[in-house]
Amino acid sequence: MTNKTISTTPFADQKPGTSGLRKRTPVFMQPHYVENFVQSVIDALEGFKGKTLVIGGDGRYHNDVAIQTIIRMAAANGFGKVMVGQGGILSTPATSHVIRHHKAFGGFVLSASHNPGGPDADFGIKYNIGNGGPAPEKITDAVFARSKVIDRYLINDAPDIDLGTIGSYRSGDMVVEVIDPVADYAALMQTLFDFPAIANMFANGFRMRFDAMHAVTGPYAHRILEDMLGAPKGTVINGTPSPDFGGGHPDPNLVYARDLYDLLMGPDAPDFGAASDGDGDRNLIIGRKRFVTPSDSLALLAANAPLAPGYANGITGIARSMPTSAAADRVAEKLGIEMHETPTGWKFFGNLLDADRVTICGEESAGTGSNHVREKDGLWAVLLWLNILAARQQSVDDIVRDHWATYGRNYYTRHDYDEVDTAVANKLMDDLRARLPEIAGTTYDSLAVAYADDFTYHDPIDGSTSSRQGIRIGFADGSRIVLRLSGTGTVGATLRLYLERYEPAHGQHDLDTQSALAFLISLADRIAGVRERTGRDAPSVIT
Ligand code: VG1
Ligand code: CO
């Protein structure tokens, strides 16, 4: 076995986005592509010699090849140990926990999350730091800078590791531990939630369906929901990870998890339905005849968290990404705790969590999590919901309605325009940005604009500034229109339009969401000209 230094030339496109580097799989399969990016990350780090690196993956196509490459590179670069999940499986939140629990230096997550997988689909690599969370911009900027000038990478020529069998191996001088991907994570969940109460609820006939979407949460859900909590076999469907997610799109929303939605709205609906995405950090929550928007779910989980043993002493604060509805703000206000608004992407929550300024965080994109790890966590959200249901002995629908009665309802929707021509999308945003001062003083059909800006975040912990994080147009009645371009897409641009309206009145909580927001939807189009400029007469996905 020898360590080698391989000459390489830079790729111009290795700029990490909202959540690591995401590209079409064939891009990642080019010679030196994975190696260049991984070495650029390692070159941006300091003090890792002899330390532990965790490698997680969602089981998608090309994970196996990339994992073996990263193991060889970690060894050649001087890491002391790699921990990797059996079969290369380790969900994003489980990776975060393994990093923290075993005091690793950091870790790589191989996933393109909710994007489809396969030779013609998407792949991704993300680096997480020692707190278990995604690398902050300071590091991702350094990685990108390095990727533009990289001229060599280090790798050994040791044989492949048998990822299929739990055990201890070596790659050169470095130890490789293949670990049970579920054990540490399941043990953590047991410390947070009232497992006996949830098990008792299942024993008394509570019915649930969890759709793992052929993605990474299958093994976790089988073990935790069925084996540990006693949910009947068959509660978890699509529970075996597959390299192309069974040919599906592992995005737990109302389009790609339609079957689950239809089941919960149908005549023989179970009490509770949930799903998670490719890498296990998102959650979809649907009660019998009640879809819970992710923004409402965040508010509800924050308001009810003390019902779970892990949060019995209350929460210190809440953070939400800027486009997420302000439902959680009302909970924070009532509890008298801190509320933070951050840019899109979990990396912005890390500092607030580390400083114990917030306990619960969430995004409108079906991501919720807490200080137990430094990633959003799909199964965690499902288990907290189950804990709340067990404690309150009410239906999801009743709990949601109670919440609205107390706090009012934030009607909320997101309209995505996928695969828009990049130049068209950029011009739309640039033109709108240029008109913000003028828009700020306008009244549209008696709805006065209160502010119009491009969101800038000042991190209260490290003082860093992140600008151009999305255009916000806020109105005097608390309604908002937000527009931003996705940082996770791999083809063209994805334009996201977020719409929100607050309705305090108790008798007004049963409107259809799209109808309740109809005026704002048409106003957004009037202001930004989305349909005319994109040539689309409807969004690709409405959530
Ligand atoms: C999207 C979501 C964002 C989320 C990110 C990563 O980003 O909007 O809230 O943090 O995906 O989630 P963007 O830039 O496409 O809007 V995941 O589950 O893909 O890691
Ligand atoms: Co994800």
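Residues numbered from 1 in each chain as written. Chains lettered and ligands numbered in written order. Predicted model: local features only at pLDDT ≥ 70, side-chain atom pairs only at ≥ 80, totals over all residues. Heavy atoms only, no water.

*Asks:* What's the story with the packing of aromatic side chains in this structure? I'm lost.
*Replies:* In this description, a pair of aromatic rings is defined by centroid distance and the angle of the planes. If you walk through the whole model with that rule in mind, you get 14 aromatic pairs. Residues Phe 28 and Tyr 33 carry aromatic rings whose centres are separated by 5.3 Å and whose planes lie at 80° to one another, so their mutual orientation is edge-to-face. The same class applies to Phe 28 and to Tyr 33, which are both buried. Ring centres 6.4 Å apart and planes at 70° place the aromatic pair Phe 79 and Phe 105 in the edge-to-face group. Of this pair, Phe 79 sits in the loop between helix 3 (63-77) and strand 4 (81-85) while Phe 105 sits in the loop between helix 4 (92-101) and strand 5 (106-110), placing them 26 residues apart in sequence. Taken individually, Phe 79 and Phe 105 each receive the classification buried, so the pair is uniform in this respect. Pairwise contacts between aromatic rings join Phe 11, Phe 28, Tyr 33 and Phe 123 into one cluster. (Phe/Tyr/Trp six-rings, centres within 6.5 Å; stacked < 30°, edge-to-face > 60°. Buried < 20%, exposed > 50% of the residue type's maximum accessible area, 1.4 Å probe, protein only. Helix = DSSP H or I, 4+ residues; strand = E, 2+ residues; numbered from the N terminus.)

*Asks:* Sorry, what's going on with the coordination of the cobalt ion (ligand 2) here?
*Replies:* Ideal geometry at a metal centre: 109.5 degrees between donors when four sit tetrahedrally, and 90 or 180 degrees when six sit octahedrally. Surrounding the cobalt ion (ligand 2) are the protein donor atoms Ser 113 (OG), Asp 277 (OD), Asp 279 (OD) and Asp 281 (OD), which sit 1.9 to 2.1 Å from the metal. In the primary structure, the donors to the cobalt ion (ligand 2) are separated according to the pattern S-x163-D-x1-D-x1-D. (Donors = N, O, S within 2.8 Å, 3.2 Å for Na, K, Ca; no water.)

*Asks:* So what exactly am I meant to see when it comes to the sheet that holds strand 13 (residues 284-287) here?
*Replies:* Strand pairing within a sheet occurs via backbone hydrogen bonds; the two strands may be parallel or antiparallel. Taken in spatial order, the five strands of this open sheet run 11-10-12-13-14, and their pairing is mixed. Of all the strands in the sheet, the pair left with one neighbour each is strand 11 (236-237) and strand 14 (290-292). For strand 12 (residues 272-275) and strand 13, the ladder comprises four bridges, and the chain directions are antiparallel. When the bridges of strand 13 are listed, Gly 273 appears paired with Ile 286. Contacts from helix 14 (residues 396-407) reach strand 12, strand 13 and strand 14 within the one sheet, and its direction differs from that of strand 14 by about 60°. (Pairing = 2+ DSSP bridges. Contact = heavy atoms within 4.5 Å. Axes fitted to C-alpha atoms, helices over the stretch in contact; angles between N-to-C directions.)

*Asks:* What exactly am I supposed to notice about helix 2 (residues 33-43) here?
*Replies:* Helical geometry note: an α-helix holds 3.6 residues per turn, so side chains three or four residues apart project in the same direction. Taken across its eleven residues, helix 2 has ten buried, putting it largely inside the fold. Those residues of helix 2 that fall on the buried side of the exposure criterion are Tyr 33, Val 34, Glu 35, Asn 36, Phe 37, Val 38, Gln 39, Ser 40, Val 41 and Ile 42.

*Asks:* Teacher, can you tell me more about the domain arrangement of the chain here?
*Replies:* Many analyses report the size of an interface as the accessible area lost when the parts associate. Each domain of the chain was delimited in the assignment, giving domain 1 (3-180), domain 2 (185-407) and domain 3 (409-542). Relative placement of domain 1 and domain 2: their C-alpha centres are 28 Å apart. At the interface, 33 residues of domain 1 touch 34 residues of domain 2. Carbon and sulfur atoms make up 57% of the area that domain 1 and domain 2 hide from each other, which totals about 2500 Å². Across the contact surface, domain 1 and domain 2 share two salt bridges. The closest approach of N and O atoms between Arg 223 and Asp 180, which form a salt bridge, is 3.2 Å. Elements represented by at least two residues in the side of domain 1 that touches domain 2 include exactly helix 4 and strand 6 (122-128). Examining the composition of the side of domain 1 that touches domain 2, we find that six residues originate from one element, helix 4, more than from any other. (Domains from an automatic or database assignment. Buried area = accessible area lost by both parts, 1.4 Å probe. Salt bridge = Lys/Arg side-chain N within 4 Å of Asp/Glu carboxyl O.)

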